[in-house]
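Residues per chain are reported as follows:
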Amino acid sequence: AEVRKLAERSGAAAGEISELSATSVHVAEQAGDMLRKIVPDIRKTAELVQEIAAASREQNSGTEQINRAIQELDKVVQQNAAASEEMASTSEELSSQAEQLQQTMTFFKIGAERSARAACPTRLTATLAAPKAKLPARLNAGKTRHKKVTLSLDDASDLEFERF
């Protein structure tokens, strides 16, 4: 009776084992099918990751080029600023020299009293005219008439001229 019970239990356990084996085989087959379906998706994902990595490298390269271009632009802007400052300085210097030249030219203006005193056989008379188009508007305003300048080449005041 006990051997029979043991045999019945063994038969039942063998049936359960057989059922579990069949179920395990079925689950393994389903897992295999799922893996077969997932593998192409995994490959696609890997390809997409590679494309993203390549795009990131290209973007990094583009960013470096933009950075270099901005640095070059910064250098050009700094050079332009330096040139602008130099031009402003030169402009001030030219303005100062123009003022000095105007002051020097006042020395050479000949009035009525000097022209009577400078009567000499060798005289040079020149007519000076400044065309409107060549002078800036602020310098040309009201200065379009002709002026006669008489210079004496044998004047005693030449000694003063030689000082300059």
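Residues numbered from 1 in each chain as written. Predicted model: local features only at pLDDT ≥ 70, side-chain atom pairs only at ≥ 80, totals over all residues. Heavy atoms only, no water.

Q: Which residues make up the overall build of the protein, and what are the values?
A: If you tally the helices and strands in the protein, you get four helices and two strands. By residue count, 4% of the 164 residues in the protein fall in the buried class. Sequence-distant contacts, at least 24 apart, represent 54% of the contacts inside the protein between residues at least 6 apart. Of the roughly 14,800 Å² of accessible surface on the protein, a fraction of 58% belongs to carbon and sulfur atoms. (Helix = DSSP H or I, 4+ residues; strand = E, 2+ residues; numbered from the N terminus. Buried < 20%, exposed > 50% of the residue type's maximum accessible area, 1.4 Å probe, protein only. Contact = heavy atoms within 4.5 Å. Areas by Shrake-Rupley, 256 points an atom, 1.4 Å probe, with all protein chains shown as cover.)

Q: Tell me about the pattern of salt bridges, residues and numbers included.
A: Counted under the stated rule, the structure contains two salt bridges. The partner of Arg36 in a salt bridge is Asp33, with the nearest N and O atoms 2.4 Å apart. Residue Arg36 and its partner Asp33 are both found in helix 1 (residues 2-108); the two are separated by three residues, about one turn of the helix. What makes Arg36 exposed here is its relative accessible area of 59%. Measuring nitrogen to oxygen at the nearest pair gives 3.8 Å for the salt bridge that ties Lys75 to Glu72. Residue Lys75 and its partner Glu72 are located together in helix 1, separated by three residues, close to a single helical turn. Note on Glu72: relative accessible area 46%, which makes it partly exposed. (Salt bridge = Lys/Arg side-chain N within 4 Å of Asp/Glu carboxyl O.)

Q: How would you summarise a nonpolar patch on the surface if you had to cite specific residues and measurements?
A: Among the surface-exposed residues, Met34, Ile38 and Ile42 lie close enough to one another that they form a single nonpolar patch of about 300 Å² accessible area. Of note, Met34 is situated in helix 1. With relative accessibility at 55%, the residue Met34 sits in the exposed group. (Patch = residues over 30% accessible without salt bridge, like charges linked within 9 Å, V, L, I, M, F, W, Y side chains within 5 Å.)

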